[in-house]
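A structural walkthrough
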Amino acid sequence: MRLWSGLALLPILLLPSIAFAQSSEIDGTKVAFQTELTGLERPVALMSPPGDARIFVVEKTGRILVVWPGTQRADVFLNLTAKVSGGNEQGLLGLAFHPDYHENGRFFVDYTDVQGNTQIVGYRVAEDGTFADPDSAVQVLSIRQPYANHNGGWLGFGPDGLLYIGMGDGGAGGDPNGYAQNKRSLLGKILRIDVDGAAPYAIPPGNPFATADGAPEIFLLGLRNPWRNAFDGDQLYIGDVGQDAWEEIDVVSTKDAGANLGWNTVEGSNCYPPGALCEQGGFVAPVHTYSHGEGCSITGGFVYRGGDLPKLQGRYFFADYCRGTLEGLRMKDGVATDLVDTADGLGSLGNINAFGADSAGELYVLTDDGRVLKMVAAE
C-alpha cells in the first residue's frame, strides 16, 4: 500500500455519533458514515476479540488502542513505538487475537523493526485482563526485508484456528529478485502457521511445502503487497496492491493451499511487464480488477455480517486509497457480481487505510488523517 505523509501525534477524541450528511443506497438500504473516533495516528486495523464489545485500533506508528464501549474513553493497550521503523510503508501493521483470547489472553502483532525487518511477536494480556503485558513478548517469526516497501503486515486467524500472515514481495518495483514466485522465500506470500502446535509454531500438514521443496510456512504464492485481507467462513478475501496498471481482489479457500496468484508474471489479469507474453494457465485469476485510470492502491475490506443493515449481509466492501469511495461486490458461484460504487452518493471518505469490523460484524472505515467512521443506516 502507498501511505503518504503522516501526522503529528494528536489527542484521541471520541465523538457522539456525528453522521455524514451524504448517503448512498446499497441493496435497497440507505447508508451513511458516522465519525466514531478522531485524532489517531494513521490507523491501519480495527477489530474486536471474539465475543468482546471493546474495539481495538492499531496505529501504524506503534500503538494499539482499546476503545471502551459506552464511554468517551480510549486507552493505550500496548505501546510499541520504540520498536517499530517509521518508513512510509513500515511500522505496526497487523494484530490478531487468538480465537481463545478470553481463556488464554494471547494475541499477535506484525511490525517492521528499527532495521526494517518484519517481526511476528506474540503477547499476553496482563493478569487483570485490561491491558497487554509488554514483558510477555515471544518471538514467533522474523523475516528479513530487502527494501522498505511492500511489507504486507496483515495477520488473521482462519476458521481452522491457524494464523495466516500476509507478506509483500519485499519491495522496490516489479519484484526485481523474483521473491513472489520463489517457493523458498517467505516474501510475496500468504503464510500459515500453527501457534498452538509447538513453540514458537508448528507447520500445518496441509501446507503445500510442509515436507519438502519449499518454505514450509507458505500457504499461497504470487502476491505483490496484500494490503488488508479478511476471512468470511473459509473464504479469504485479499486486496493485492498493483504495480503500474492494475489493482486486484482475490478470493481463495482455506482448502486452496499452494494456489499461485501470479505476481510478478501477471499484474491483475494481464502479463507483466505490459506487452510481455506469459503463460497464465497455472494461476488463480483475480475475481475483480480495476485500472490505475480509476484509482491507485486497493484497500481490502470485509464481508458485512452485522445485524444493523440486514440487506447488506454477504456483501464484500473495499475501497481505493486515492479515490476514497466505498465499493462493494458479492461472490456468487465463484464470480464477483453486483458491483456498487458510492461515489455519487457518499463521495470520498478520504484516504482509506483500512476497514474494520467489531464483534457484532458492523463495518468501520479507517482514514489516513486519523478518523474511524462507522457504516450506519441513513436517517
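In this text the structure is predicted, and so the values were computed from the model without any measurement. (Residues numbered from 1 in each chain as written. Predicted model: local features only at pLDDT ≥ 70, side-chain atom pairs only at ≥ 80, totals over all residues. Heavy atoms only, no water.)

Focus on the overall build of the chain
Note the threshold: Secondary structure is summarised from DSSP: a helix means a run of H or I of at least four residues, a strand means a run of E of at least two, and numbering begins at the N terminus for each. Between the two quantities, the radius of gyration covers C-alpha atoms and the globule rule is 2.2 Å times the number of residues to the power 0.38. Exposure categories follow from relative accessible area, calculated using a 1.4 Å probe and restricted to protein chains: below 20% of the type maximum is buried, above 50% is exposed, and the middle band is partly exposed. Residue contacts are defined here by distance: any two heavy atoms, one from each residue, within 4.5 Å place the two residues in contact. Accessible areas in this description were obtained via Shrake-Rupley with a 1.4 Å probe; residue shielding takes into account the shown protein chains only.
A count of helical and extended segments in the chain gives one helix and 28 strands. Taken over the C-alpha trace, the chain has a radius of gyration of 19 Å; the compact-globule value for 379 residues is 21 Å, and the two agree within 12%. Along the three orthogonal principal directions, the C-alpha set of the chain runs to about 55 × 50 × 35 Å. Within the chain, the proportion of its 379 residues that are buried is 59%. Sequence separation of at least 24 residues holds for 55% of the intrachain contacts in the chain that already meet a minimum separation of 6. Within the structure as shown, the chain displays about 14,200 Å² of accessible surface, and the carbon and sulfur contribution to it stands at 49%.

Re the sheet that holds strand β16 (residues 226–232)
Operational definition: Only strands joined by at least two bridges in the DSSP assignment are considered to pair. Helix axes use the C-alpha atoms of the stretch in contact, all axes being lines fitted to C-alpha atoms, and the angles between their N-to-C directions lie in the range 0 to 180 degrees.
One open sheet accounts for four strands, arranged β16-β17-β18-β21; its pairing is antiparallel. What marks the edges here is a single partner per strand, and that holds for β16 and β21 (288–291). Averaged over all neighbouring strand pairs, the angle between strand axes comes to 15°, with direction disregarded.

Description of the pairing of β16
Of all seven residues that make up β16, seven are buried, and the element is covered over most of its length. Both β16 and strand β17 (residues 235–240) contribute to a ladder of five bridges, which runs antiparallel. If you follow asparagine 229 over to β17, its bridge partner there is isoleucine 238. A loop of two residues connects β16 with β17, the two strands running antiparallel in sequence, and glycine 233 in this loop sits at a positive phi of about 60°.

Some remarks on the layout of surface pockets
Note the cut-off: Every definition here rests on a 1 Å grid over the protein atoms only: cavities are sets of points where a 1.4 Å probe fits but cannot get out, pockets are open sets enclosed by protein on both sides within 12 Å along at least five of seven lines, and lining residues have some atom within 4 Å of a point. Grid points are joined across faces, edges and corners, and a volume is the space filled by probe spheres set on the points. Residues were grouped as follows: Ala, Val, Leu, Ile, Met, Phe, Trp, Tyr, Cys and Pro as nonpolar; Asp, Glu, Lys and Arg as charged; and all remaining residues, including Gly, as polar.
Within this model, the largest pocket holds a volume of roughly 890 Å³. Along the walls of the largest pocket sit 38 residues, with Met47, Ser48, Phe157, Phe231 and Phe302 positioned nearest its centre. Mapped by element, the contributors of at least two residues to the lining of the largest pocket are β4 (43–47), β8 (92–97), β12 (155–157), β16, β22 (298–303) and β26 (352–357). Split into classes, the residues belonging to the lining of the largest pocket amount to 22 nonpolar, 12 polar and four charged.

Some words on unusual backbone geometry
When glycine is set aside, most residues are seen to have a negative phi, and most peptide bonds are trans. With an omega of 0°, the peptide bond running from alanine 199 to proline 200 counts as cis. Counting through the fold element by element, proline 200 comes out in the loop between β14 (189–193) and β15 (218–220). We note that alanine 172 has phi near 65°; this positive angle belongs to a residue other than glycine. With respect to the secondary-structure elements, alanine 172 resides in the loop between β13 (163–167) and β14.

Quick word on the side chain of threonine 112
Heads up, the condition is: Distance and chemistry together define a polar contact, namely a pair of N or O atoms within 3.5 Å, with one atom able to donate a hydrogen and the other to accept it when in protein, and with adjacent residues in sequence counting only for side-chain atoms on both sides.
You can see threonine 112 is positioned in strand β9 (residues 106–112). You can call threonine 112 buried: its relative accessible area is 0%. Side chain to side chain, threonine 112 and serine 85 meet in a polar contact 2.6 Å long. In this structure, threonine 112 is in contact with Lys83, Val84, Ser85, Gln90, Gly91, Leu93, Asn117, Thr118 and Asn151, ignoring residues within four places of it in sequence.

Describing the confidence of the model for the chain
Short version of the rule: pLDDT: the predictor's confidence for each residue, scored from 0 to 100.
Residues at a pLDDT of 70 or more form 94% of the chain, whose mean pLDDT is 94. Within the model, pLDDT remains below 50 along residues 1–11, and this stretch shows 48 contacts once partners closer than five positions in the same chain are excluded.

Re the sheet that holds strand β10 (residues 118–125)
Across the sheet, which stays open at both edges, the four strands sit in the order β8-β9-β10-β11 with antiparallel pairing between neighbours. Single-partner strands in this sheet number two, and they are β8 and β11 (132–143). Strand-to-strand twist in this sheet, taken as the mean axis angle between neighbours without regard to direction, amounts to 25°.

Things to note about the state of the cysteines
Going by this rule: In plain terms, two cysteine sulfur atoms within 2.5 Å form what is called a disulfide here.
The final tally for this structure, using the stated rule, is two disulfides. The disulfide bridge from cysteine 271 ends at cysteine 278, spanning 2.0 Å between sulfur atoms. Because the torsion about its S-S bond is -85°, the bridge between cysteine 271 and cysteine 278 counts as left-handed. Overall, cysteine 271 belongs to the buried group, its relative accessible area being 18%. According to the relative accessible area criterion, cysteine 278 is partly exposed, its value standing at 25%. A sulfur-sulfur distance of 2.0 Å marks the disulfide that ties cysteine 296 to cysteine 322. Every disulfide takes its handedness from the sign of the S-S torsion; for cysteine 296 and cysteine 322 that torsion is 85°, giving right-handed. Residue cysteine 296 is located in the loop between β21 and β22, and its partner cysteine 322 is located in the loop between β23 (316–320) and β24 (327–332); the two are separated by 26 residues in the primary sequence. On the basis of relative accessible area, cysteine 322 is assigned to the partly exposed category, the value being 38%.

Things to note about the environment of valine 284
Here valine 284 is to be found in the loop between β20 (270–271) and β21. Valine 284 gets classed as partly exposed once you look at its relative accessible area, which sits at 28%. The residues contacting valine 284, other than those within four sequence positions of it, are Asp250, Ala259, Asn260 and Leu261.

Describing empty space enclosed by the protein
Any empty space left between atoms is shown by rolling a water-sized probe over those atoms. Summed over all chains, the structure comprises two cavities of 30 Å³ or more. By volume, the second largest cavity is sized at about 40 Å³. Lining the second largest cavity are Arg224, Asp240, Val241, Gly242, Glu248, Trp263, Val266, Glu267 and Gly268. Taken together, the residues of the lining of the second largest cavity sort by class into three nonpolar, two polar and four charged.

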